[in-house]
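Residue-level structure breakdown
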Amino acid sequence: AAEASVRSVTILGATGSIGDSTMDLIRAAPERYKVEALTANSNVEGIVKLAKEFNARFVAVADESKGAELRAALAGTGIETGAGESAVTEAAARPADWVMAAVSGAAGLKPALAAVDRGATVALANKECLVCAGDFFMDRAAKAGACILPADSEHNALFQALASGSRDELTRVIITASGGPFRTWKAEDIEQATLAQALKHPNWSMGQKITIDSASMMNKGLEVIEASYLFALSSDEIDVLVHPQSIIHGMVEFTDMSVVAQLGSPDMRTPIAHCLGWPNRISKGRAAPLDLAKIGSLTFEAPDYARFPGLKLAYDALRTGSGATTVYNAANEIAVAAFIAGKIRFGAIARLVEATMNGWVRAGNLAPLSSADDAISVDHKARKLAASLLPEIAANAS
Ligand code: NAD
Ligand code: MG
């Protein structure tokens, strides 16, 4: 049977939080998986440990300066190594049946496309790459015969719920948001929030960038855009609902007003397991069962665009199209890095994104994207624009 055969897998971003959960699932059923390639940014120690444990065939680090260290650490093991951006892309291009795309940020675009172009099954955790290249990403996957499986919990929930009806029968989708650590905070307190406060997510344990995005609700903005591209939905077919317990991840409403939801503990192993097993279900390495009696109540709130303007900007970007979502993502990556570096206040993240989007439109730069080069070029130019606007945004309080 197909489910009993050994599957070759590649994990891009293996040393990260999604990488961790993915390796956990693979570790639990070693007879079913053969690791083709593993990649990291610069964490040589972490990737070497994984490479040896899983006997990977190829290991790459994006940081070129770490190449010699990686080679030395794996000398004599027979494991091939590579360093630099192109080595990460090479890892993705190698023949694995299943690829986890879990690099953080738009840096994950080229590797993800390399897996897509050879028609692989790609579990997509890296939402930024889809937001950056949404205009053509799914078309390109369809042409190559690649299968994109959403690993982001909300989109994985939608993917599962969508099976209950046809596209014509769909009226809208709802993705939930925990609301993050500042859900109940006043706007003036959010404005001044520290890095430590932004990194204290109530429900999920994740990488630094996505944790900050969750606090600003930029993550939910990226996810609205992600849902639009993944499932070919218009912006008014996608709603966000704040649900502090993070138990319901996504819902689909159909024409008869049935609403189908997917539930699970806030543990990324559940959506990743769905991608790893698909079209079957796996059981090894899974999350703890959901105990609703213990949780007691599920609550819901409307999102507050005034306190979380980044979410509103995502809808604007989606309606604008023609590269606007690429600009939204690029400006946010610059803003988050500036916030981490202590250059701007938390509240300035959304202001920088807004100023960058406005500047981009004013300069007449909007144009449809049709290739990776287009997307990468817009990404780079938008980063430059955001960086040039940074000093002014940093100087002005709200
Ligand atoms: P992380 O920061 O924990 O890990 C990122 C991984 O990518 C690491 O292995 C790192 O070495 C690698 N990496 C970083 N920059 C790179 C670069 N320039 N080139 C090549 N490799 C690079 O992040 P994470 O939380 O695991 O998130 C990864 C992706 O998955 C993000 O796009 C995030 O939005 C998405 N995601 C994460 C979660 C979660 O629970 N962590 C949930 C949904 C979606
Ligand atoms: Mg998510």
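Reading the values: rules and limits
- Residues numbered from 1 in each chain as written.
- Chains lettered and ligands numbered in written order.
- Predicted model: local features only at pLDDT ≥ 70, side-chain atom pairs only at ≥ 80, totals over all residues.
- Pairing = 2+ DSSP bridges.
- Helix = DSSP H or I, 4+ residues; strand = E, 2+ residues; numbered from the N terminus.
- Axes fitted to C-alpha atoms, helices over the stretch in contact; angles between N-to-C directions.
- Domains from an automatic or database assignment.
- Contact = placed C-beta atoms within 7 Å.
- Nonpolar A, V, L, I, M, F, W, Y, C, P; charged D, E, K, R; others polar.
- UniProt positions renumbered as here; feature names shortened; annotations may be inferred.
- Buried ≥ 20, exposed ≤ 12 C-beta atoms within 10 Å, placed from the backbone.
- Near = placed C-beta within 6 Å.
- Right-handed = clockwise from strand over helix to strand, strands pointing away.
- pLDDT = per-residue confidence, 0-100.
- Expected span 1.5 Å × (residues − 1).

Another aspect to go through is the sheet that holds strand β9 (residues 238-242). Whenever strands of a sheet pair, they do so through backbone hydrogen bonds, lying parallel or antiparallel. Spatial ordering of the open sheet is given by β9-β8-β10-β11, a layout of 4 strands whose pairing is mixed. Edge positions in the sheet fall to β9 and β11 (259-263), since each has one partner strand and no second. For this sheet, the mean angle separating the axes of adjacent strands, direction not counted, is 20°. Summarising the sheet, strand β8 (residues 170-177) and strand β10 (residues 248-254) pair through 5 bridges and their orientation is antiparallel.

Our focus in this paragraph is the domain arrangement of the protein. Domain boundaries in the protein define domain 1 (2-151) and domain 2 (165-262 + 301-395). Using only C-alpha atoms to locate each centre, domain 1 and domain 2 end up separated by 25 Å. The partner domain 2 presents 23 residues to the 20 residues of domain 1 that form the contact. Looking at the side of domain 1 that touches domain 2, the elements that each hand over two or more residues are α5 (109-117) and α6 (127-144). Ranked by residue count, the leading element in the side of domain 1 that touches domain 2 is α6, at 11 residues. Grouping the amino acids of the side of domain 1 that touches domain 2 by side-chain chemistry returns 11 nonpolar, 5 polar and 4 charged.

Our next topic: the UniProt feature "binding site: Mn(2+)" (unreviewed entry) in the protein. Per the UniProt annotation, the sites labelled "binding site: Mn(2+)" (unreviewed entry) are Asp152, Glu154 and Glu223. Across 72 residues of sequence, these annotated residues stay compact in space, with a maximum C-alpha separation of 8.5 Å. Mapped onto the elements of the fold, aspartate 152 is located in the loop between β7 (147-150) and α7 (153-162). On the basis of neighbour count, aspartate 152 is assigned to the buried category, with 28 C-beta atoms found within 10 Å. Not counting residues within four places of it along the chain, the set of residues in contact with aspartate 152 comprises Ala125, Lys127, Glu223 and Glu226. Note on placement: glutamate 223 falls in helix α11 (residues 218-231).

Bringing the sheet that holds strand β2 (residues 33-40) into the picture now. The strand order across the open sheet formed by 7 strands is β4-β3-β2-β1-β5-β6-β7, and the pairing between neighbours is parallel. Of all strands in the sheet, those with a lone pairing partner are β4 (80-83) and β7, marking the two edges. Each strand axis lies, on average, 20° off the axis of its neighbour in the sheet, ignoring direction. Along the sheet, helix α1 (residues 17-27) contacts β1 (7-12), β2 and β5 (98-101); its crossing angle with β1, the most-contacted strand, is approximately 160°.

Around ligand 1, the surrounding shell holds 29 residues, and the nearest of these are Gly13, Gly16, Asn41, Met206 and Gly207. Those elements giving two or more residues to the shell around ligand 1 turn out to be α1, β2, α6 and α10 (208-216). In this structure, the shell around ligand 1 is formed jointly by two domains, domain 1 (2-151) and domain 2 (165-262 + 301-395), each of which donates at least three residues.

So, on to the environment of leucine 195. Along the chain, leucine 195 turns up in helix α9 (residues 195-198). Residues leucine 195 and alanine 341, 146 residues apart in the sequence, show an inter-C-alpha distance of 9.3 Å.

Of all 9 residues making up α10, 7 are buried, and the element is well covered by its neighbours. Looking only at α10, the buried set comprises Ile210, Thr211, Ile212, Asp213, Ser214, Ala215 and Ser216. Those residues of α10 hidden inside the fold are in contact with α9, α11, α14 (309-320), α15 (324-340) and α16 (348-362). Directly after α10, the chain includes methionine 217, whose backbone phi takes a positive value near 65°.

A regular strand carries its side chains on alternate faces of the sheet. Sheet topology places β5 next to strand β6 (residues 121-124); 4 bridges connect them, and they run parallel. Directly across from valine 99, in β6, lies its bridge partner valine 122. Handedness of the crossover joining β5 and β6 through α5: right-handed. Note that β6 and β7 share 4 bridges and pair parallel. Of the residues in β7, the one forming a bridge with threonine 121 is cysteine 147.

The next thing to look at is the UniProt feature "binding site: NADPH" (unreviewed entry) in the protein. Within the UniProt annotation, "binding site: NADPH" (unreviewed entry) is assigned to Thr15, Gly16, Ser17, Ile18, Asn43, Asn126, Glu128 and Gly207. Classification of asparagine 126 as buried rests on a count of 29 C-beta atoms within 10 Å. Other than its neighbours up to four places away in sequence, asparagine 126 contacts Ala101, Ala102, Val103, Gly108 and Ala112. Structurally, glycine 207 is set in the loop between α9 and α10. With residues near it in sequence (within four places) discarded, glycine 207 still touches Gly16, Ser17 and Ser104.

What follows covers the confidence of the model for the protein. Close inspection of predicted coordinates is inappropriate in any region flagged by low pLDDT. For the protein, per-residue confidence averages 97 on the pLDDT scale, and residues scoring 70 or more make up 99% of the total. Interface confidence in the predicted complex, given as ipTM, is 0.99; pTM for the same model is 0.98.

Once that is clear, we can look at α16. Taking 1.5 Å of rise per residue, 15 residues should cover 21 Å, and α16 covers 21 Å from first to last C-alpha, within 8% of that figure. All of the buried residues along α16 are Ala348, Ile349, Ala350, Arg351, Leu352, Val353, Ala355, Thr356, Met357 and Trp360. In this structure, the buried residues of α16 make contact with α10, α11, α14, α15 and α17 (372-395). Glycine 364, located one to two residues past α16, shows a positive phi value of around 70°.

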